[in-house]
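Commentary on secondary and tertiary structure
Each chain, letter by letter, is given below.
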There are 2 protein chains.
Amino acid sequence: MAVYTQVADDELAAFLDAYDIGAPVSYKGIAEGVENSNYFLQTERGSFILTLYEKRVDPADLPFFLGLMDHLAARDIACPTPIHARDGEALRTLAGRPAAIISFLQGVSPRRVDIRHCAPLGGALAGMHLAADGFAMARPNALSLAGWRPLFDRCGPRAHEVQNGLAGEIEQELEFLEENWPADLPTGVIHADLFPDNVFFLGDRVSGLIDFYFACNDYFAYDLAICINAWCFEKDGSFNVTKARHMLNAYRAVRPFSAAELAAIPVLLRGGALRFLLTRLHDWLFHPEGALVTPHNPLEYHRKLRFHQGVKRPGELGLE
Amino acid sequence: MAVYTQVADDELAAFLDAYDIGAPVSYKGIAEGVENSNYFLQTERGSFILTLYEKRVDPADLPFFLGLMDHLAARDIACPTPIHARDGEALRTLAGRPAAIISFLQGVSPRRVDIRHCAPLGGALAGMHLAADGFAMARPNALSLAGWRPLFDRCGPRAHEVQNGLAGEIEQELEFLEENWPADLPTGVIHADLFPDNVFFLGDRVSGLIDFYFACNDYFAYDLAICINAWCFEKDGSFNVTKARHMLNAYRAVRPFSAAELAAIPVLLRGGALRFLLTRLHDWLFHPEGALVTPHNPLEYHRKLRFHQGVKRPGELGLE
């Protein structure tokens with residue numbers, strides 16, 4: 001949780017002059033999100049989120065992210081809508097940072113995932129996958145198979161600081177995935193980071209999908225695998241097959257899920273686990289002293305990876 | 001900026017069951033405030049601030065703080081109103097912490113104080129002093145003259161870590177203040193921490209005074225001195241006599257300011273500077289490793305103290 005860039009009231013007022021949303025009546029830094037600075041902003045015309053993009057976001061990617069939100073919101077996906085200034089631009093500069101105003105969404109992220117969240121999440125994910133069809137831009141997934149080895153090259157020599165033998169295990173897993181990663185699954189725009197804190201609920205209904213700043217083009221089934229990893233393990237490390245089944249069944253009620261996609265799920269789950277193990281390991285080893293954000297424990301995803309290494313068929317996960 | 005205590009969505013929903021404000025539709029941790037955890041909370045009935053009181057607040061003081069806000073809000077002071085639950089209680093427990101919901105106030109805190117802020121601030125301060133009259137509870141100021149020496153006893157031995165010779169200077173100043181601190185000035189409930197980030201403006205109007213968690217009984221003129229120190233120095237350390245004059249004149253247009261109060265202002269400014277020098281020095285020296293909050297630089301108030309040590313009469317500050 002952090003606000004990296006402070007915005008002065010007079011800077012904000014000048015920034016808002018470019019928009020048609022009235023003068024600010026309140027803004028407060030939000031202690032959420034680890035990548036960017038976010039403010040809850042109220043103006044004379046409504047409530048918004050003001051985001052300043054910090055160093056970890058490549059400014060060249062921002063038109064993709066904002067364009068995707070525009071595209072999805074126009075197709076009634078419950079996601080933030082970028083607010084365009086009078087000159088038509090949604091991406092601007094504030095306090096020396098790329099910045100955008102997006103619509104404010106109601107809803108509450110589940111801190112404890114319950115079985116009742118999983119079907120709505122699966123349906124919302126599939127709806128997003130379908131709605132992204134026709135979006136004109138593309139962005140390769142820098143954190144898929146081809147991106148893992150460079151990340152490992154950087155973290156591997158220090159992985160033993162986190163756990164003895166971890167580097168060797170990751171090396172073996174990388175070799176397995178390089179040999180077994182599926183080819184030719186249905187592809188499109190995926191969210192790629194749909195953890196519970198990026199999903200708002202009102203009651204049992206998904207009221208918002210947020211934080212599209214890892215969105216990219218990749219296998220739809222890989223997006224589902226990321227969600228299964230993030231939503232279907234219990235705090236004690238056990239895997240909840242009922243949650244996974246609810247999620248998959250709700251997903252394929254909206255978008256057909258092919259036999260090839262289902263067969264690939266065990267490998268995709270291993271890849272998804274390795275991806276978050278590697279990025280968390282990286283942040284754990286290299287986060288600066290005095291950082292505002294406490295890195296996630298990489299070993300949570302090490303445990304998930306080990307679980308998936310013992311799974312041969314989707315049926316063992318409750319998925320048929 | 002920090003949220004020390006995380007509140008789960010199901011905990012929050014259960015907590016709100018005690019109130020008549022509807023179900024939560026959004027809540028976000030606010031990256032502001034150094035003492036407590038604050039959430040911006042929207043329910044079906046409106047917008048609120050949810051505060052969880054952390055370790056630095058003595059729970060025994062909370063009835064005073066919340067009662068004072070009740071008292072002031074009933075007298076049309078723009079301050080948060082505690083929301084009482086159906087059983088009449090405003091002070092409750094959430095996530096193991098004392099907690100309260102207060103009304104949400106519109107407005108923006110000035111990050112850069114401008115001359116136009118100072119008269120409205122002076123008027124609002126005086127209005128608060130008058131409105132607090134008749135409040136039935138009292139709370140001694142633990143951070144006035146009698147409290148400074150114990151604080152110094154703890155910080156003094158390590159003060160040289162911040163600046164050579166600092167302990168000796170503070171000792172001399174303490175002796176001066178112990179001999180010269182005024183007696184028998186008009187007394188009442190003061191805010192005691194009315195820094196710019198605790199004051200909201202809409203345009204040139206004060207729309208909110210917040211954060212009453214240092215409020216206590218002390219000299220009204222001492223509260224004004226704290227404000228002068230907080231609002232009337234420029235970033236380069238220079239003192240802006242016009243700001244101070246605007247503040248005082250607006251203050252006394254609302255509440256009479258006696259000749260004795262005016263004469264005491266130079267000593268009160270020294271005391272107010274020493275108070276924040278000592279508490280910031282303490283937090284600087286003793287803040288835990290990895291704390292979420294970066295302590296304020298104590299030397300800002302050392303410079304202010306040195307400035308005031310050279311002032312003999314209020315006229316030198318533009319105050320007549």
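The present account deals with the structure reproduced in this document.

Another aspect to go through is the sheet that holds strand 2 (residues 37-43) of chain B. Residues and elements named next belong to chain B. Within the open sheet, the 5 strands sit side by side as 1-2-3-5-4. Their pairing is antiparallel. The open sheet has two edge strands with one neighbour each: strand 1 (24-29) and strand 4 (92-94). With direction set aside, neighbouring strand axes in the sheet form an average angle of 35°. Bridge count for strand 2 against strand 3 (residues 46-52) is 7 bridges, and the pairing is antiparallel. The partner of Phe40 across the bridge, within strand 3, is Ile49. Each of strand 1, strand 2, strand 3, strand 4 and strand 5 (97-103) is contacted by helix 1 (residues 9-16), which is oriented at about 120° to strand 1, the strand it contacts most.

It is worth spelling out the packing of helix 8 (residues 259-286) of chain B against helix 9 (residues 299-309) of chain B at this point. Residues and elements named next belong to chain B. The geometry of helix 8 relative to helix 9 is characterised by a closest axis approach of 8 Å and an angle of 160° between their N-to-C directions. What the angle tells us is that helix 8 and helix 9 run roughly antiparallel. In this structure, helix 8 crosses over helix 9, and the sense of that crossing is left-handed. Along its contact with helix 8, which presents Leu269, Arg270, Gly272, Ala273, Leu274, Phe276, Leu277 and Arg280, the element helix 9 presents Glu300, Tyr301, His302, Lys304, Leu305, His308 and Gln309.

With that settled, consider empty space enclosed by the protein. Using the criterion set out here, one finds 2 cavities of 30 Å³ or more in the structure. In this structure, the second largest cavity encloses a volume near 30 Å³. In this structure, the second largest cavity is lined by Lys28, Gly29, Ile30 and Phe40 of chain A together with Lys28, Gly29, Ile30 and Phe40 of chain B. Broken down by class, the residue content of the lining of the second largest cavity amounts to 4 nonpolar, 2 polar and 2 charged.

Thresholds, definitions, all that
- Residues numbered from 1 in each chain as written.
- Chains lettered and ligands numbered in written order.
- Predicted model: local features only at pLDDT ≥ 70, side-chain atom pairs only at ≥ 80, totals over all residues.
- Heavy atoms only, no water.
- Pairing = 2+ DSSP bridges.
- Helix = DSSP H or I, 4+ residues; strand = E, 2+ residues; numbered from the N terminus.
- Axes fitted to C-alpha atoms, helices over the stretch in contact; angles between N-to-C directions.
- Contact = heavy atoms within 4.5 Å.
- Parallel < 35°, antiparallel > 145°, perpendicular 65-115°, else oblique.
- Left-handed = near helix turned anticlockwise from the far one by under 90°.
- 1 Å grid on protein atoms, 1.4 Å probe; cavity = no way out; pocket = protein on both sides within 12 Å on 5 of 7 lines; lining within 4 Å.
- Points joined across faces, edges and corners; volume = space filled by probe spheres on them.
- Nonpolar A, V, L, I, M, F, W, Y, C, P; charged D, E, K, R; others polar.

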